Amino acid sequence: MDLETVTDELYGLRPDQFTAARDQRAAQARESGDRPLAERIKALRRPSLAAWASNLLVREQPDEVEPLVQLGEGLRQAHRGLDGERLRELSRQQHALIHALARQAGQLADEAGHPVGEGARREIEETLHAVLADERAARAWASGRLTKALSATTGFDVVAVAADAAAPRRAPAPRAPAKSPHSERDARARERRRQKLAEARQDAEDAERRLRDREKEAAAADRDAERAAKLTEDLRRRLEELARERESTEERHRHARAEERAARDRARAAEHAVREAAGRAGTAAALVERLTGGTRDHRGTEGGDG
């Protein structure tokens, strides 16, 4: 018995089986006289549900480990090189792959008799995001011995190790054809899982394309809304200007009406004054006429008498 073998065995078990199996192995080590080994086995921590499902994905689908690790390295290189086009392409792959792998991990957990809830599924996705973001997280995940979910801020003491340093989980050695009567059924189950993973990836890629289409539509709608808002603001300002012009015009109109009324009043007063002056002139003319005519008659009379 050695720590490496025991660790690999224990982290392949379901969380509800872990503690009893660990204690049994520690007891066996003590009985064999290897107390240091017993203490190190006893110190191994039971994985959380999300960590167990992440480990299960690595163990049951080892072919999926390297693509995610390589994608993470590509993303980190694109970040360091400020390669925007490459980064956008890899980011699209990232969303599709993480969605598909998290879904596959959930299916594997269901098939193993220990379904995971929505919270654990989110932790699985966070773990996969951390794998893409940090090389240490990628190594921890690939070991298949996580004790709790990873995140961007998690320290990397969350992986059970043999010896004193983290070591990647060894790839399983090729196995001879199984003699078990269940081998054919297991092969069909693995094939179904591979098919489901391929379908999940396709669904994720289709969803990603639809998301990009909707994002483009939303961006176009935003631009239309901005243009409409600008036009609305321009028209609002124009209405305010027209309202001010109307107020000014109405004010000038009121002044003009007042001036018109005053002018008409002055005209009527002038007309009345003219009539009065004409009357006085007529009266004065008549008086002059009488006075002038009376003088001529008086002078004529005097001449006749002499």
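Because the structure is a prediction, the values reported are computed rather than measured.

Cut-offs used in this document
- Residues numbered from 1 in each chain as written.
- Predicted model: local features only at pLDDT ≥ 70, side-chain atom pairs only at ≥ 80, totals over all residues.
- Heavy atoms only, no water.
- Helix = DSSP H or I, 4+ residues; strand = E, 2+ residues; numbered from the N terminus.
- Buried < 20%, exposed > 50% of the residue type's maximum accessible area, 1.4 Å probe, protein only.
- Contact = heavy atoms within 4.5 Å.
- Areas by Shrake-Rupley, 256 points an atom, 1.4 Å probe, with all protein chains shown as cover.
- Salt bridge = Lys/Arg side-chain N within 4 Å of Asp/Glu carboxyl O.

Draft legend 1. How the structure looks around the overall build of the protein. Within the protein, the secondary structure is distributed over 9 helices and 0 strands. Reading the protein from its N terminus to its C terminus gives the helix and strand order α-α-α-α-α-α-α-α-α. By the burial criterion, 27% of the 306 residues in the protein qualify as buried. A fraction of 69% describes how many contacts in the protein between residues 6 or more apart in sequence connect residues 24 or more apart. Surface summary for the protein: the accessible area is close to 20,100 Å², and the carbon and sulfur share equals 51%.

Draft legend 2. Looking closely at the environment of isoleucine 124. Relative to the helices and strands, isoleucine 124 resides in helix α7 (residues 118-133). With 26 residues separating them in the primary sequence, isoleucine 124 and isoleucine 98 have C-alpha atoms 9.1 Å apart. Aside from chain neighbours lying at most four places away, what touches isoleucine 124 is Ala50, Ala53, Ser54, Ala102 and Ala105.

Draft legend 3. Seen up close, the side chain of threonine 127. When you line up the elements, threonine 127 lands in helix α7. Here threonine 127 is in contact with Ser54, Trp141, Leu146, Ala149 and Leu150, once residues within four sequence places are set aside.

Draft legend 4. Inspection of the pattern of salt bridges at higher detail. This model, assessed by the stated rule, comprises 22 salt bridges. For arginine 254, the salt bridge identified is with glutamate 251, shortest N-O distance 2.2 Å. Separated by 3 residues within a single helix, arginine 254 and glutamate 251 lie in helix α9 (residues 183-305), roughly one turn from each other. Between arginine 264 and glutamate 260 there is a salt bridge, with the nearest N and O atoms lying 3.1 Å from each other. A residue pair is termed a helical-turn pair when its members lie 3 or 4 positions apart in one helix, as arginine 264 and glutamate 260 do in helix α9 at 4 residues. Classification of arginine 264 as partly exposed rests on a relative accessible area of 48%. The class for glutamate 260 is partly exposed, based on a relative accessible area of 34%. Through salt bridges that share partners, Lys230, Glu233, Asp234, Arg236, Arg237 and Glu240 make up one connected network.

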